[in-house]
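Architecture and fold: a report
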Amino acid sequence: KGPDPEIPLISQRMAGVKHKILVLSGKGGVGKSTVTSLLSHGFAHDPDKTVGILDTDLTGPSMPKMMGVEDETIHISNQGWSPVWVMDNLAVMSIQFMLPNKDDAVIWRGPKKNGLIKQFLKDVDWGDGLDFLIVDTPPGTSDEHLSVNSYLRESGIDGAVVVTTPQEVALLDVRREISFCQKAGIRVLGIVENMSGFVCPGCKHESPIFPATTGGGRALAEETGIPFLGSIPLDPRIGIACDYGESFLDSFADSPTSKAVLQVVRGL
Ligand code: ADP
């Protein structure tokens, strides 16, 4: 079997995208999609930068809701598939925009998932191009990761941000994710420890919930020689902002949590 004839078309489309960053996690529920949303808003804070989010979690798409655009649908033009623009400089593409019923389950085998990811990379018209394409992926290592990696190889992936929680560091999942990146030749840009302490909504004091493992993200980074990008506390206002599709960084610009998020953004 020869090389995929559509790879040059993907590369042509990706020529307008300066940086491509994957967001990964060893397992679900650690806040990978939340971090994707926070980082994207963080990059888009600079009005001179344009950011695209590609939701490749085909069986559990959560970006449209988190970005407050879940009822939108995509449009097809001569230029390709138009993503949904959340702000002037922030757009999202997700399978969710194509489902006639938002609650429909997507039950697809590998080749069909592969086909849609290829189309996302080849056909989405990101306008005048992007400074950052942030790719949200399903938890673990699955077909979607392999597809993204094989289709973007030629155009170049900057690397992956690995999201973990303090408890997860003690488990094998996050190490497997790092090992996957190493085997697949994807540079790990850094580790983010999410939900690393609890910010009390009343007094705003931050307390470690799992004192024995808090700081595990940094320790794992040191052990593996991967940069530590920072910790984001468990802050109920993040969950609420995501549930309502609002930007936490805009709503709580001066909070220590926002500062922690922006520190991660600056580290990238
Ligand atoms: P994943 O993408 O890893 O499955 P999600 O991003 O969907 O995880 O997050 C799981 C749940 O935890 C969501 O309800 C989200 O709002 C919440 N959550 C994630 N990170 C935080 C945080 N730092 N503070 C508060 N809630 C969070």
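Residues numbered from 1 in each chain as written. Predicted model: local features only at pLDDT ≥ 70, side-chain atom pairs only at ≥ 80, totals over all residues.

The name given to the protein chain in an unreviewed UniProt entry is P-loop containing nucleoside triphosphate hydrolase protein, and the organism recorded there is Diplogelasinospora grovesii. Taken from UniProt, the Function (unreviewed entry) comment for the protein chain reads in full: "Component of the cytosolic iron-sulfur (Fe/S) protein assembly (CIA) machinery. Required for maturation of extramitochondrial Fe-S proteins. The NBP35-CFD1 heterotetramer forms a Fe-S scaffold complex, mediating the de novo assembly of an Fe-S cluster and its transfer to target apoproteins." On record in UniProt, under Sequence similarities (unreviewed entry), the comment for the protein chain is "Belongs to the Mrp/NBP35 ATP-binding proteins family. NUBP1/NBP35 subfamily." (UniProt positions renumbered as here; feature names shortened; annotations may be inferred.)

For the protein chain, the helix and strand inventory stands at eleven helices and eleven strands. Taking 2.2 N^0.38 as the reference for a compact globule, 268 residues should give roughly 18 Å; the C-alpha atoms of the protein chain span a radius of gyration of 18 Å, in line with that estimate. If you line up the protein chain on its principal axes, its C-alpha atoms span 55 × 35 × 35 Å. Out of the 268 residues belonging to the protein chain, those deemed buried represent 44%. Within the protein chain, residue pairs in contact and separated by at least 24 positions form 80% of the contacts whose partners lie at least 6 positions apart. (Helix = DSSP H or I, 4+ residues; strand = E, 2+ residues; numbered from the N terminus. Rg over C-alpha atoms; globule rule 2.2 N^0.38 Å. Buried ≥ 20, exposed ≤ 12 C-beta atoms within 10 Å, placed from the backbone. Contact = placed C-beta atoms within 7 Å.)

Turning our attention to the pairing of strand E9 (residues 188–199). Within E9, nine of the twelve residues are buried, leaving the element largely enclosed by the surrounding structure. By the bridge criterion, five bridges tie strand E8 (residues 159–164) to E9 in an arrangement that is parallel. Of the residues in E9, the one forming a bridge with Ala 160 is Val 188. Across five bridges, E9 lies against strand E11 (residues 228–234) in parallel orientation. Bridge pairing links Val 192 to Gly 230 in E11. The pairing of E9 with strand E10 (residues 206–207) spans two bridges and is antiparallel. Counterpart to Phe 198 in the pairing with E10 is Ser 207. (Pairing = 2+ DSSP bridges.)

With that settled, the discussion passes to the site of the ligand. Of all residues adjacent to the ligand, which total 19 residues, the nearest are Gly 31, Lys 32, Ser 33, Thr 34 and Gly 239. Secondary structure elements with two or more residues in the shell around the ligand: helix H2 (32–44), E9, E11 and helix H9 (236–243). Top contributing element to the shell around the ligand by residue count: H9, with four residues. Residues of the shell around the ligand, tallied by class, amount to eight nonpolar, nine polar and two charged. (Near = placed C-beta within 6 Å. Nonpolar A, V, L, I, M, F, W, Y, C, P; charged D, E, K, R; others polar.)

Closest axis-to-axis distance for the H2/helix H11 (residues 256–267) pair is 9 Å, and the angle between their directions is 75°. The angle between H2 and H11 falls in the class roughly perpendicular. On H11, the residues touching Leu 38, Leu 39, Gly 42 and Phe 43 of H2 are Val 261, Leu 262, Val 264 and Val 265. (Axes fitted to C-alpha atoms, helices over the stretch in contact; angles between N-to-C directions. Parallel < 35°, antiparallel > 145°, perpendicular 65-115°, else oblique.)

Within the largest apolar cluster, 66 residues are counted, with the highest numbers of intra-cluster contacts made by Ala 160 and Val 162. Among all residues touching Val 162, those that are not within four sequence positions of it are Leu 24, Ser 25, Val 174, Glu 177, Ile 178, Val 188 and Ile 191. (Core = buried A, V, L, I, M, F, W, Y, C linked by C-beta atoms within 7 Å.)

Moving on to the environment of Glu 168. Looking at the element boundaries, Glu 168 is found in helix H6 (residues 166–169). Since 25 C-beta atoms lie within 10 Å of it, Glu 168 is described here as buried. For the pair Glu 168 and Glu 193, spaced 25 residues apart in the sequence, the C-alpha separation amounts to 9.5 Å. Contact partners of Glu 168, with chain neighbours within four places excluded, come to Gly 26, Lys 27, Val 30, Asp 173 and Val 174.

Of all seven residues that make up strand E7 (residues 130–136), six are buried, and the element is covered over most of its length. Relative to E7, strand E1 (residues 17–25) runs parallel, the two being bridged by six bridges. Residue Leu 22 lies in a different strand from E7, and its bridge partner there is Val 135. Where strand E2 (residues 51–55) and E7 come together, five bridges link them in parallel fashion. If you follow Leu 54 over to E7, its bridge partner there is Val 135.

Once that is clear, we can look at the environment of Cys 242. Mapped onto the secondary structure, Cys 242 falls in helix H9. Classification of Cys 242 as buried rests on a count of 21 C-beta atoms within 10 Å. Spatially, the C-alpha atoms of Cys 242 and Pro 208 are 22 Å apart, while their sequence positions differ by 34 residues. Those residues in contact with Cys 242, other than ones at most four positions away along the chain, are Thr 34, Ser 37 and Met 66.

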